[in-house]
Amino acid sequence: CMCVYVCVCVALKQIVPPLIYSAHKGQAGRVGIIGGCFEYTGAPYYAAITALKTGADLAHIFCTQAAAIPIKSYSPELIVHPVLYASNEFQNDEAVDEQHRLATKAADSVRTWLPRLSGLLIGPGLGRDPVVWESVRTIIKDAMDLHMPLVIDADGLGLISAHLDLIVGYPHVVLTPNVVELERLRSAAVSTGLLASIANKVHPAEATREELTENVQQLAHALQGVTVLAKGHVDIISNGTALIQVDDEGSPRRCGGQGDVLSGATLTFLSWAARRHPNTQPSAFPSGSMLAAYGACKLVRRCASESFKRLHRGMTTPDIIAAIPTEFEVMFPAVPTTTTTAPATGKHSL
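Summary of the structure given here. Within each chain, residue numbers correspond to sequence positions counted from 1 in written order. Where totals are concerned, whole chains, interfaces and linings use all residues; where local detail is concerned, this predicted model gives features only for residues with pLDDT of at least 70, and gives and counts side-chain atom pairs only at 80 or more. Hydrogens are left out, water is left out, and the side-chain values use all remaining heavy atoms of the structure.

1. Considerations on the nonpolar core
Stage number 1. The set of buried Ala, Val, Leu, Ile, Met, Phe, Trp, Tyr and Cys residues whose side-chain atoms join them within 4.5 Å is what this entry labels a nonpolar core. Note on exposure labels: buried denotes an accessible area under 20% of the residue type's maximum, exposed denotes more than 50%, and partly exposed covers the range between, all computed with a 1.4 Å probe on protein chains only. Residues Leu78, Ile237 and Phe269 are the most contacted members of the largest nonpolar core, which totals 60 residues.
Stage number 2. Tallying contributions element by element places helix 10 (residues 288-311) first for this core, with 11 residues.
Stage number 3. Beyond its immediate chain neighbours, meaning those up to four positions away, isoleucine 237 contacts Thr227, Val228, Leu229, Ala242, Leu243, Ile244, Val246, Met290, Ala293, Tyr294 and Cys297.
Stage number 4. Membership of the second largest hydrophobic core comes to 53 residues, among which are Leu117, Val131, Ala189 and Ala230. Going along the chain from the N terminus, every DSSP run of H or I of four or more residues is numbered as a helix, and every run of E of two or more is numbered as a strand. Pairs of residues are marked as contacts when any of their non-hydrogen atoms sit within 4.5 Å.

2. A short note on the pairing of strand 9 (residues 243-246)
Stage number 1. Between any two strands, pairing holds if DSSP finds at least two bridges. The pairing of strand 8 (residues 235-238) with strand 9 spans four bridges and is classified as antiparallel. Counted as the bridge partner of aspartate 235 is valine 246 from strand 9.
Stage number 2. Hairpin remark: strand 8 followed by strand 9, antiparallel, with four residues in the connecting loop; positive phi at glycine 240, about 100°.

3. Topic: the layout of surface pockets
Stage number 1. The calculated volume of the largest pocket comes to roughly 880 Å³.
Stage number 2. Here a cavity means grid points, on a 1 Å grid over the protein atoms only, where a 1.4 Å probe fits yet cannot get out; a pocket means an open set of points with protein on both sides within 12 Å along at least five of seven lines; lining residues are those with an atom within 4 Å of a point. Along the walls of the largest pocket sit 38 residues, with Lys231, Gly232, Arg254, Gln258 and Gly259 positioned nearest its centre.
Stage number 3. Of all the elements in the fold, those that place two or more residues in the lining of the largest pocket are helix 6 (155-162), helix 7 (179-191), helix 9 (258-276) and helix 10.
Stage number 4. Taken as a whole, the second largest pocket holds about 560 Å³ of empty space.
Stage number 5. Val16, Pro17, Pro18, Leu19 and Phe328 are, among the 24 residues lining the second largest pocket, the residues nearest its centre.
Stage number 6. Residue contributions to the lining of the second largest pocket peak at four residues, all from helix 12 (residues 324-331).
Stage number 7. In terms of residue class, the lining of the second largest pocket is built from 17 nonpolar, four polar and three charged. Grid points are joined across faces, edges and corners, and a volume is the space filled by probe spheres set on the points. Each residue is assigned to one class: nonpolar for Ala, Val, Leu, Ile, Met, Phe, Trp, Tyr, Cys and Pro, charged for Asp, Glu, Lys and Arg, and polar for all the others, Gly among them.

4. Points about the packing of aromatic side chains
Stage number 1. The aromatic pairing rule takes the rings of Phe, Tyr and Trp, using the six-membered ring of Trp, and pairs them if the centres are within 6.5 Å, calling planes under 30 degrees apart stacked, those over 60 edge-to-face and the rest tilted. Counting across every chain of the model gives seven aromatic pairs.
Stage number 2. Their ring planes at 80° and their centres at 5.6 Å tell us that phenylalanine 269 and tryptophan 272 sit as a pair that is edge-to-face. Taken together, the positions of phenylalanine 269 and tryptophan 272, both in helix 9 and three residues apart, correspond to about one turn of that helix. This pair shows no difference in class: phenylalanine 269 is buried, exactly as tryptophan 272 is.

Here it is, written out as structure tokens:
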């Protein structure tokens, strides 16, 4: 109902940190992205630069060595850590125990940075290398031990589908599947016994809005508090107990990289929600994770819509990113203050 969306909009504006002249670097968010491999370097860049354009102060990318130089060359604003090891970096099929050692070494390198970060995104350009995935499984566990806000997208969802037990019951994570990834997650939930069966067995492209909504709610409930943001013609957000849908006008242009923009914006909003939102219980409505997903969907749809109106078929993902500052200002007008009081920066709690 309308009163629910009014409540969400009011709460969303409360999590956006004020602009304070006396603020210090990092107070508006230090975010991390786990992703980037030999084949895919654009996705982590899009996610990280979106996080910065949305309002985070610093963005770190943890990637394989093969991805580091291309990503560094895209922007000097990104802090790039080439700490992940991939199978193709080994010579003559080195022993499995050596691969395990280096996977552990990579996870150890990321672990030292986690306490300094306000949120972590896993998946853009991650690839499906088994050595990388071994490292990332450990990184997810380490982040959860710190109660860190997590966003999982793209190849990260592939990892989660294969290891669903990693995130079951963790309320501070947002999954951002498209319709195909949503079906994979639902199938994984059935195979692990979290879901008794799959309802609405239709091809994802043929599912109605009502069927997709039921599928998202069913999955989120089975995952016991995890927030699912199913992106599509209508963005459907649920943590199993609450539901928000975003059907604002977006863009009919389906250029690659738009999902990375959404995950990067979600990461920034989620890091803000973890530090500023007063509702610390997953059952509270709206929860911090739900707010973050809603804010990101609204922002990205505005940016895509305005970019498409100007550029039509020529619109690409960098155009959407370029629109973020203007559209964010429309949604959240900045009121700089000279107060010397630093914004609240509680520990990772949604």
